[in-house]
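Each chain is listed here by its residues.
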Amino acid sequence: MKLREIGLVAKSTPTTVYIIAYEAPQVASYLYSESHGMRVVMVVTDVEAADEAFSRVFDSKEAELMARYAKATGALKIMVKASPVVDLIIKRKPQTPIPPRTPVYIASKDVLEEAFSVCYGAFTELYSDSPLSSWVRIGVLRSHPDVEVKVNIDAVLSKHLAVLGSTGSGKSNMVAVLVDRIAGLGGQVMIIDSHGEYSDMEVLSDGVRLVHFEAKVNPLKISPPVLASTLIPEAAATKQRNLLRKAIRELNALYLKSGSDRVDAERKIADLIQKAERELDVDVEDSSGRRYLKALYAMIMKMRDSGISGTKKDVFDSILLKLEKNIVEYDIYSTDVIDPVDLLEPGVIVDVDVSPLPDAARDEVVSYICRQVLQRSMMNKLLPTLIVVEEAHLYLKSSSETAAKQAIERIAREGRKYGVGLLIVSQRPKRLDPDVLSQMNSLCVLKIMQPEDQTYVKQYSEWLTDEMLAALPTLERGEAILLGEWVRMPVAVLIDKHEGKKRGVTVSAAKSWIKARKERKEKVMKEIEEEEMLKKAEEIF
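Residues numbered from 1 in each chain as written. Predicted model: local features only at pLDDT ≥ 70, side-chain atom pairs only at ≥ 80, totals over all residues. Heavy atoms only, no water.

### What about the overall build of the chain?
Applicable threshold: Under the DSSP-based scheme used, a helix requires at least four consecutive residues in state H or I and a strand at least two consecutive residues in state E, with every element numbered from the N terminus. The globule rule used here is 2.2 Å times the number of residues to the 0.38 power, and the radius of gyration it is set against is calculated over C-alpha atoms. Residue burial is assigned from relative accessible area. The probe radius is 1.4 Å, only protein chains are included, and a residue is buried under 20% of its type maximum, exposed over 50%, and partly exposed in between. Contacts are assigned to residue pairs that have any heavy atoms within 4.5 Å of one another. In these tables, accessible area is a Shrake-Rupley quantity obtained with a 1.4 Å probe, and a residue counts as shielded only by the protein chains included in the view. Positive charges come from Lys and Arg alone, negative charges from Asp and Glu alone, with His and the N- and C-terminal ends not counted. Just so you know, the charge point we use is NZ for Lys, CZ for Arg, CG for Asp and CD for Glu.
If you tally the helices and strands in the chain, you get 15 helices and 17 strands. Radius of gyration (C-alpha) of the chain: 31 Å, far over the 24 Å computed for a compact globule of 541 residues. Counting only C-alpha atoms and orienting by the principal axes, one finds that the chain spans roughly 95 × 85 × 50 Å. Here the chain holds 541 residues, and 49% of them are scored as buried. Of all intrachain contacts in the chain linking residues separated by at least 6 positions in sequence, the fraction that spans at least 24 positions is 73%. For the chain, the accessible area works out to roughly 27,000 Å², and carbon and sulfur atoms hold 51% of it. With 75 positive and 79 negative side-chain charges, the chain shows a spacing of 3 Å between the two charge centroids.

See below:
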C-alpha cells in the first residue's frame, strides 16, 4: 500500500523527532518512517506553522501591506514535533535517533494495526497469563476512524484507572462502555453512583446483568457518632448530638440482644415504637428504618421526661423535631438492608445509588463497601472486582480525612495484590488527593478547560506531556487521550457511544422548551375544539 509522504526529519533523538512538513497533521495523530533497519511509529505532539517572510516584518502596517498586495516572498514553514512510540522491528521504543532527511509518512491503517498488535503482544511480558480476550474495544482512533482501539483489562484491575474531564465531556459514557464490556468478559463491577446516573442503564453485552441497589444506612452497622452526625448535621448542635449518641447506644443494645434476652428486647422495642406513634400521629409508609427512628424518638422522650443531667427541655424538643423530620421526609435507613457486596458475581454490574444519602451517611456507606470488597478479596472470597467511584472528588479531597477516603486510599495502595481494581471519575481533578491520583497508572483524559486542573493532572501523571496538555481544550465530546499501562502508547480516541446509557446525557434546554410549548399549544387547541363541539351539541338539543 502506497504511503503518503508528509515531510522530512530535520533532527531527532530517541525520544523526540522534529519534522519539516509539507502539510500540517493533527496533534495526537500518527506518523511513520522507515530507515536503516528501523520502522518507527510516532505520535504528533505539536504542530507549528509560520511564514518566514513575516519574521522580518518590523510593524503591523508593513504586515498589512504585504498581505494585501501579496508581496510576501517567504515560504510557509510547518514544523512538527513527534514522539516515537514503537519500532516495529525491535517491537519496543526506538533506542537510536531517526537519521535526518528520512521521509516521514502519514501512518496507514495497516501500519497502525501492526503497531497496536505489537503493544498488545508486549503485555505477555507483564501478564504471562493475560489472554488476547483481556483486550476490549473502547472506540476508534480520532485521526483514523477505521482503526479500532482496545484497552487491557488486566492493567485496569492491577494498576488502576482515572477518568478525568469537564462536565459534559463524556465521562459517564466512557465508564458505561468500559464496565459493560468488562462484565461481558465475566468480570464483576461495583459502581459507587453519586448521582444515580446508571440506575436505568441497559446493558448491551450478552449475559450481563445490571443490579440497581438503592443505598440505605443500617443504623446498627455504623458508629453512634456517625449516625448522630447524620441525623443532626449542624456544627453548633454538639450537645444535641451527645444526647442522641447516648440514646443510640442504648437502643442498639436492645436491637443486638440475642438468645433468651431477645424476646424481652423485642417487646421493649415494640413498646417504644407504639409510644412514638401515639405522639407523632403521622401517616408514612412503614419500614424497618422508620421503626428504628421511632424507637429512638421514644428514647429521647424518655430522657426528656426523666430530666436527665438537668438538660433544658427545649434541647430535647429540638432533637425530637429533627428526628420527626427524618421519619416523615426520608426513608434512607434500614435495619434489614442486604449487603450490596453479596450481589457481586461474574457478569454482574452492581450500581449502588448513594445520591439520596446525606454527606455523612454517604461517606460511611462508601467506606463500608470499599472495606468489604477488599477484606473479602484478601480472604479469597471474591473474584477480581473493579470498584468505580463516580464524582471521586467528593470522597478524595486532599484537605480532609474521612472513612471513605481512607478505604479508597487503601485499595489504591493494596488492591492490586488481591484483585481489586479502582476506577476514579472526576470533573475536578484539582480536588483529588495527589497521593491517590499518582497511583492511577492508566488515564483517560477527556476535555478539560480549567488550566489549574490541566496542570494538576500533569503534575501527578508521568504520561501527560505539555503538548498533550495543550490539546485537551480542543477535544470534542466523547474524544479522549488514553495514556498509561492499559494502552502502552498514547492514543487519541473517539469513544464508542453506549446506546443503553440514558441519564447523564447533556440536555438541550431549547429543545425541551420547544417541545413543552408545542405540547401546551396542542392541549389548548384540543380544549378549544371540545368546547366548540359542546356548544354545537347544546344548540342542536
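More follows now that the structure is in view.
### A short note on the packing of aromatic side chains
Centre distance and the angle of the planes are the two values used to describe a pair of aromatic rings. Threshold: Aromatic contacts are taken between Phe, Tyr and Trp rings whose centres are within 6.5 Å, Trp giving its six-membered ring; a plane angle under 30 degrees counts as stacked, one over 60 as edge-to-face, and the others as tilted. Any Lys NZ or Arg CZ found within 6 Å of a ring centre and within 35 degrees of that ring's normal is scored as a charge over the ring.
Evaluation of the coordinates by the stated rule reveals one aromatic pair. Aromatic pair Tyr255 and Tyr292: ring centres 5.3 Å apart, planes at 45°, arrangement tilted. Of this pair, Tyr255 sits in helix α6 (residues 238–255) while Tyr292 is found in helix α8 (residues 288–305), placing the two residues 37 residues apart along the sequence. Like Tyr255, the residue Tyr292 is buried in the burial classification. Against the face of Tyr18 rests Lys11, its NZ or CZ located 5.0 Å from the ring centre. It is Lys501 that lies over the ring of Tyr198; its NZ or CZ is 5.0 Å from the centre.

### Let's talk about the packing of α8 against helix α9 (residues 313–329)
Inclusion rule: Between N-to-C directions, angles span 0 to 180 degrees; the directions come from axes that are lines fitted to C-alpha atoms, helices contributing only their stretch in contact. Should an angle lie under 35 degrees it is considered roughly parallel, over 145 roughly antiparallel, and from 65 to 115 roughly perpendicular; all remaining angles are considered oblique. Charged residues are taken to be Asp, Glu, Lys and Arg, nonpolar residues to be Ala, Val, Leu, Ile, Met, Phe, Trp, Tyr, Cys and Pro, and polar residues to be all remaining types, Gly included.
Following both chains from N to C, one finds α8 and α9 inclined at 170°, their axes separated by 10 Å at the closest point. Taken as axis vectors, α8 and α9 run roughly antiparallel relative to one another. Counted together, Arg290, Leu293, Lys294, Leu296, Tyr297, Ile300, Met301, Met303 and Arg304 of α8 and Lys313, Phe316, Asp317, Ile319, Leu320, Leu323, Glu324, Asn326, Ile327 and Val328 of α9 form the full contact between these two elements. Looking at side-chain class alone, the contact of α8 with α9 contains twelve nonpolar, one polar and six charged residues.

### Examining the environment of Arg290
Heads up, the rule is: Pairs of N or O atoms within 3.5 Å make up the polar contacts considered here, provided that, within protein, one atom can donate a hydrogen while the other can accept it, and that residues adjacent in sequence are counted only when both atoms are side-chain atoms.
Structurally, Arg290 is set in helix α8. The exposure class of Arg290 is buried, given its relative accessible area of 8%. For the pair formed by Arg290 and Lys150, sequence separation is 140 residues and the distance between their alpha carbons is 49 Å. Among all residues touching Arg290, those that are not within four sequence positions of it are Val284, Glu285, Ile327, Val328, Tyr330 and Asp331. Here Glu285 takes part through its backbone oxygen, which lies 2.9 Å from a polar atom of the side chain of Arg290.

### A word on the environment of Lys150
Within the element layout of this structure, Lys150 appears in strand β8 (residues 148–152). A relative accessible area of 27% places Lys150 in the partly exposed class. Measuring from C-alpha to C-alpha, the distance between Lys150 and Ile332 comes to 40 Å, with 182 residues separating the pair along the chain.

### Some points on the side chain of Thr230
Considering the arrangement of structural elements, one finds Thr230 in helix α5 (residues 224–231). A relative accessible area of 7% places Thr230 in the buried class. Looking at Thr230, its side chain comes within polar contact range of the main-chain oxygen of Val226, at 2.8 Å. Residues within four places of Thr230 in sequence aside, it is in contact with Tyr333, Pro358, Ala360 and Ala361.

### Some remarks on the environment of Asp286
Take Asp286: it is sitting in the loop between α7 (261–280) and α8. Look past the residues within four positions of Asp286 in its chain and what remains in contact with it is Arg291 and Lys294. Engagement of the side chain of Asp286 in a polar contact is seen with the side chain of Arg291, the distance being 2.7 Å.

### A closer look at a negative patch on the surface
Our working rule: The residues that make up patches have over 30% relative accessible area and no salt bridge, and they are joined within 9 Å when like-charged or within 5 Å when they are Val, Leu, Ile, Met, Phe, Trp or Tyr. Between Lys or Arg on one side and Asp or Glu on the other, a salt bridge is scored when a side-chain nitrogen of the former is within 4 Å of a carboxyl oxygen of the latter.
Taken together, Glu527, Glu529, Glu530, Glu531 and Glu532 make up a surface patch of like negative charges. Structurally, Glu527 can be placed in helix α15 (residues 509–540). Classification of Glu527 by relative accessible area gives partly exposed; the value is 38%.

### Considerations on the sheet that holds strand β14 (residues 420–426)
Rules: DSSP-based pairing: two strands are paired if at least 2 bridges between them are found.
One open sheet accounts for eleven strands, arranged β8-β7-β17-β16-β15-β9-β14-β13-β10-β12-β11; its pairing is mixed. Edge positions in the sheet fall to β8 and β11 (209–214), since each of these pairs with one other strand and no more. Neighbour-to-neighbour, the strand axes of this sheet turn through a mean angle of 30°, independent of strand direction. The sheet contact formed by strand β9 (residues 161–164) and strand β15 (residues 442–445) spans four bridges and is parallel. Each residue of the ladder has a partner; that of Leu164, found in β15, is Val445.

### Some words on the nonpolar core
To keep things clear, this is the line we draw: Throughout this description, the term nonpolar core refers to a set of buried Ala, Val, Leu, Ile, Met, Phe, Trp, Tyr and Cys residues connected via side-chain atoms within 4.5 Å.
Residues Leu231, Leu244, Leu296, Ile300, Ile387 and Ile424 are the most contacted members of the largest nonpolar core, which totals 90 residues. It is α8 that contributes the most residues to this core, ten residues altogether. Leaving out residues up to four positions away in the same chain, Ile424 has contacts with Leu161, Ala162, Val163, Val389, Ala392, Leu396, Leu432, Val436 and Met440. The next biggest cluster of nonpolar side chains, apart from the first, holds 54 residues, and it includes Val85, Val189, Val208 and Ile495.

### Here's the deal with α5
Put simply, the rule is: The arc in question is the one traced by the directions running from the helix axis out to the C-beta atoms.
Within α5 the residues assigned to the buried category are Pro224, Leu227, Ala228, Thr230 and Leu231. Each buried residue of α5 lies within a common arc of 160° when the element is viewed along its axis, so the set occupies one face.

### Considering unusual backbone geometry
For Ala28, which is not a glycine, the phi torsion comes out positive at approximately 75°. Of note, Ala28 is situated in the loop between β2 (17–21) and β3 (30–35). In this model, Arg101 sits at a positive phi of 70°, which is unusual for a non-glycine residue. Tracing the backbone shows Arg101 in the loop between β5 (76–87) and β6 (103–106). Judged by relative accessible area, Arg101 falls into the exposed class, the value being 73%.

### Brief notes about a nonpolar patch on the surface
Together, Val524, Met525 and Ile528 make up an exposed nonpolar region whose accessible area comes to about 240 Å². Residue placement: Ile528 occurs in helix α15.

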